[in-house]
Every structure is written in structure tokens, then in C-alpha cells.
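Here's the letter readout for the chains.
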Amino acid sequence: MALLTQKQKDEAIANFQFEGILIEEGPYGSGHINDTFLLKFEIAEMGCINVILQRMNKDVFSNPVELMENIMGVTSYLRKKIIENGGDPERETLNVIPAVDGKPYYLDSQGDYWRSYKFITDATSYDQVEKPEHFYQSAVAFGNFQRLLADYPAETLHETIKGFHNTKARFAVFKKAVEEDVMGRASQVQKEIQFVLDRENIADYFTDLLEKGELPLRVTHNDTKLNNIMIDNKTGRGICVIDLDTVMPGLAMNDFGDSIRFGASTAAEDERDLDKVSCSMELFDLYAKGFIEGCAEKLTAREIELMPMGAKSMTFECGMRFLTDYLQGDNYFKIHREGQNLDRCRTQFKLVEDMEQKWDTMQEIVKKYSNC
Ligand code: ADP
Ligand code: GN1
Ligand code: MG
């Protein structure tokens, strides 16, 4: 994405239906994809309100208009369900603030797309588990999200990123990146490259089963990391699932697995000291329990049985994506220091190795909950 100027941001701010006087603004959050800002407005007699403003990443999402159609469809569907269940639709789902022309996005004079959401108050998105209870609650919420969307008309959803979790196709892209080696970095990361090549079977696993028609496609979130959920500051509950850019038909095991690779890790995603990185079986257990409860009876026994594979496969895929991006020159995931994508790749591969060692325990844990 091209560098963002203040002028461009001001143009965007002027083109949404915001009320009051802008008194503060700045970058916000630690997402790897979009440019996120927090804006604070002062409204006479009402005090201050915060809103989220995002420049959408059009290198990653080639059709932002279709993407916003998905988001409008999913959030209005969730809104109805939340109201039926006596919940608070202002805090339990994302609420899009329209542009001045009434559209759910603004296209600026530079060709960039912007959107805005009401800020979810009194809640926090965590980059790492601080309290195990939060992780359990995030599992219930992500499971619930999938359950609530079980009857959503999946055929109306656009595929915002083609083959997003087609790990087999990503393996092919990875091999091409190694061959092309545009940055001349491959020779320094032979060990990591070999790690991927030795595990082609992981990359093929779900893609092959899907092709054989053995797995159900569901409406899934596809990016279930802990910082894509807002945890209520008072109750500690997972109040709202955010970052809905990749809501598409997908596999329940992948939603489970992506949460594990991020939240059950004992270290940050970009930790350099690999001795600190492992997959906590206590957190794995808590998450499995919460996710299965949250999905209620919707999951099949086979899906539950394959949850450890979801964890391994998503962690492997993510590590391979970080390595691919490192080899290609860090164009996809935002980096804040040289080599950050390589560091991220290494933590993922350390987790995969750790899961390989703890495989039997992971299987026993999910078995325990499949009978509930
Ligand atoms: P990215 O795709 O770059 O990860 P996100 O949509 O996840 O972007 O937003 C980045 C961060 O901004 C989130 O992790 C969260 O901390 C914060 N955020 C996003 N939307 C909201 C919201 N409606 N209310 C409060 N915080 C939000
Ligand atoms: C990205 O958008 P964010 O930061 O929540 C990525 C995920 C990766 C994750 C790795 C659209 O998630 O697929 O798992 O980084 N999102 C997209 O941290 O590619
Ligand atoms: Mg995010």
C-alpha cells in the first residue's frame, strides 16, 4: 500500500457521517493488514465518542466493495439474532458508520477505500492471553459466532481472498517464491525452507479431504486470532467478534486452529527467543472446551476429532505464509522491524514441532469433549 498522507486521511474523515468536533486521532491496534485509526469526537452535551476508521488494504482485498457487502450482510444478520436473544447489538457486533453519500465505504481521490465502525466501548482486544479465562471466553464467542451464522446464506458471500485457507495452493506459492528468490534471501533460510518441504502432507491434508467431499463447509471467520475479539472489561466475556474481512465458507477446524496457533502459544507471535515458544496444553484444553460449547451441537464428531489437525495445519500454513512474505520482500504482512516476518515464521514452526510432540495429548483432550 502507498504511504498515507495526512491530507488523504483528512479527506476520508470529512467524508463519513461523523458528529461533533474531532479532538484526537491516532494509529490504533496491532493488526497486520489494514491501517486502523482511533478518532475521538466531542459532541455538545453528550461528551466524547470514539470511532474506528480504517484504510482497507486493497493489495490484500482486491474487491473492497464486495467485501463491504459481506460485512453489511453478516453484521445485519447478527444484529437481528442478537436482538432476538436479548443482547446489545451496539456492542456485540460491528456497526458500520456510513459515508456521507450513504455507502458503507468511502473511495478517496487516491483510489483507496475507507470504512468506519462504532468503537466497542469498555472492552479490550488482547495480543496475548493475560488471563486463561479470557481465552476460554474468546473460544465460546468464536464458537457462538459460527453457530449464529450456521444458517446464513453462504452462497451470497463473496470470496474476499481466493483460496484463503487452501494450504495446498499456498504450498505451491511458497515453492515458487523459493525458486524465484527475488530478494536473494533463500540461502539464509534453508532450514526453514526444508521444514516446509518436509511437511507437504500437512499442506495437503484438508484440501484433499475437502476435494473428496468429506468435510462440511460452514460460514466461518477464518482469522480467529485473539486480537480479533473484544473482551468485556467488566465481565471478561468475549463480547464481540471483529475483523470480519475473511468471513467466508470454510472449515470449523481452521477457526479452532488459528486461535490455538496465536492464543495457546506461550510467547508473542514475533518472539525471537524460541525457548519461550510452546503450545500450552492447558490453554489448548480450555479453548477446545469453550469452542465446542460455543458451537453447541453444530459440530460433527469428525470435525471435533480433526481439531488438533486444524491447529497444526493453521500454524504450519501461517508460518509458511510469513516465510513466503519474507522471501518476497515483506509486501503482505506489515512489519515494524527488519526480519520480523522471519521471526514470526520461526515461532510458528517451533509451535508445529511442539504440537508434533504433544500430538497424543491434543487428541485426548478433544476426545474428552466430543462426548459432552
Ligand atoms: P486488521 O485486519 O489489520 O487486523 P482489525 O479490523 O482487526 O484490522 O483492527 C485492528 C485492531 O483495531 C483490532 O485488533 C482492535 O484492537 C481494534 N478495533 C477494530 N475494530 C474495533 C472496534 N469496532 N472497536 C474497538 N476496537 C476495534
Ligand atoms: C493477519 O488481519 P490480522 O492481523 O487480524 C492475516 C491472518 C494471519 C494473521 C497472522 C487477511 O490477520 O490470516 O493469520 O495476520 N489476515 C489476512 O497474525 O491475511
Ligand atoms: Mg485483526
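Residues numbered from 1 in each chain as written. Chains lettered and ligands numbered in written order. Predicted model: local features only at pLDDT ≥ 70, side-chain atom pairs only at ≥ 80, totals over all residues. Heavy atoms only, no water.

Here's the deal with the site of ligand 2
The following threshold applies: Nearness is judged by heavy atoms alone; a residue qualifies as near a molecule or strand once a single heavy atom is within 4 Å of it. In protein, a polar contact means a hydrogen-donor-capable atom and an acceptor-capable atom, both N or O and within 3.5 Å, with residues adjacent in sequence counting only if both atoms are side-chain atoms; elsewhere, any N or O pair within 3.5 Å suffices. Accessible surface is estimated by sampling points in the Shrake-Rupley manner with a 1.4 Å probe; for residues, cover comes only from the protein chains shown. Runs of E in the DSSP output that reach at least two residues are strands. Runs of H or I that reach at least four are helices, and both are numbered from the N terminus. Ten residue types, Ala, Val, Leu, Ile, Met, Phe, Trp, Tyr, Cys and Pro, are classed as nonpolar, four, Asp, Glu, Lys and Arg, as charged, and the remainder, Gly among them, as polar.
Close to ligand 2 lie 18 residues; H32, K225, E269, R321 and Y332 are nearest. Within the contact set of ligand 2, an oxygen atom lies 3.2 Å away from a side-chain nitrogen or oxygen of R261. In this structure, an oxygen atom belonging to ligand 2 sits 2.8 Å away from a side-chain N or O atom of R321. Here ligand 2 loses 98% of its free accessible area of 440 Å² to cover by the protein chains. With 3 residues, the top contributor of residues to the shell around ligand 2 is helix α11 (residues 307–328). When the residues that make up the shell around ligand 2 are grouped by side-chain class, the tally is 8 nonpolar, 4 polar and 6 charged.

With respect to the site of ligand 1
Stated precisely, the cut-off is as follows: These domain boundaries are the output of an automatic or database domain assignment.
Residues in contact with ligand 1 amount to 19 residues; listed here are only the nearest, N34, Q54, I120, S125 and N227. S125 is positioned with one of its side-chain polar atoms (N or O) 2.7 Å from an oxygen atom of ligand 1. Here an oxygen atom of ligand 1 and a side-chain polar atom of D243 are 2.9 Å apart. In the complex, 97% of the free accessible area of ligand 1, which totals 550 Å², lies under the protein chains. Counting only elements with at least two residues in the shell around ligand 1, the list comes to β3 (47–55) and β6 (113–118). For the shell around ligand 1, the class distribution of residues is 9 nonpolar, 8 polar and 2 charged. When residues of the shell around ligand 1 are sorted by domain, at least three fall in each of domain 1 (6–121) and domain 2 (132–370).

Focus: the packing of helix α5 (residues 167–180) against helix α7 (residues 200–211)
Our working rule: Throughout, an axis means a line fitted to C-alpha atoms (over the contacting stretch in the case of helices), and angles, computed between N-to-C directions, take values from 0 to 180 degrees. Contacts are residue-level and defined by heavy atoms, with any inter-residue pair within 4.5 Å sufficient.
The interhelical angle for the contact between α5 and α7, taken along N-to-C directions, is 140°, at an axis separation of 7 Å. For the pair α5 and α7, the contacting residues are T167, K168 and F171 in the first and E200, A203, D204, T207 and D208 in the second. Along the lines of polarity and charge, the residues of the contact of α5 with α7 split into 2 nonpolar, 2 polar and 4 charged.

Comments concerning the coordination of the magnesium ion (ligand 3)
Which entries qualify depends on this criterion: Only N, O and S atoms count as donors, using a 2.8 Å limit from the metal and a wider 3.2 Å limit for Na, K and Ca, and since water is excluded some coordination spheres may look unfilled. We call a residue buried when its accessible area falls under 20% of the maximum for its residue type, exposed when it is over 50%, and partly exposed in between, using a 1.4 Å probe and counting protein chains only.
Protein coordination at the magnesium ion (ligand 3): the donors are N228 (OD1) and D243 (OD), at 2.2 Å from the metal. Of this pair, N228 sits in the loop between β8 (218–220) and β9 (229–232) while D243 sits in the loop between β10 (238–241) and β11 (248–250), and the two are 15 residues apart along the sequence. Note on N228: relative accessible area 5%, which makes it buried. Owing to a relative accessible area of 25%, D243 belongs among the partly exposed residues under this scheme.

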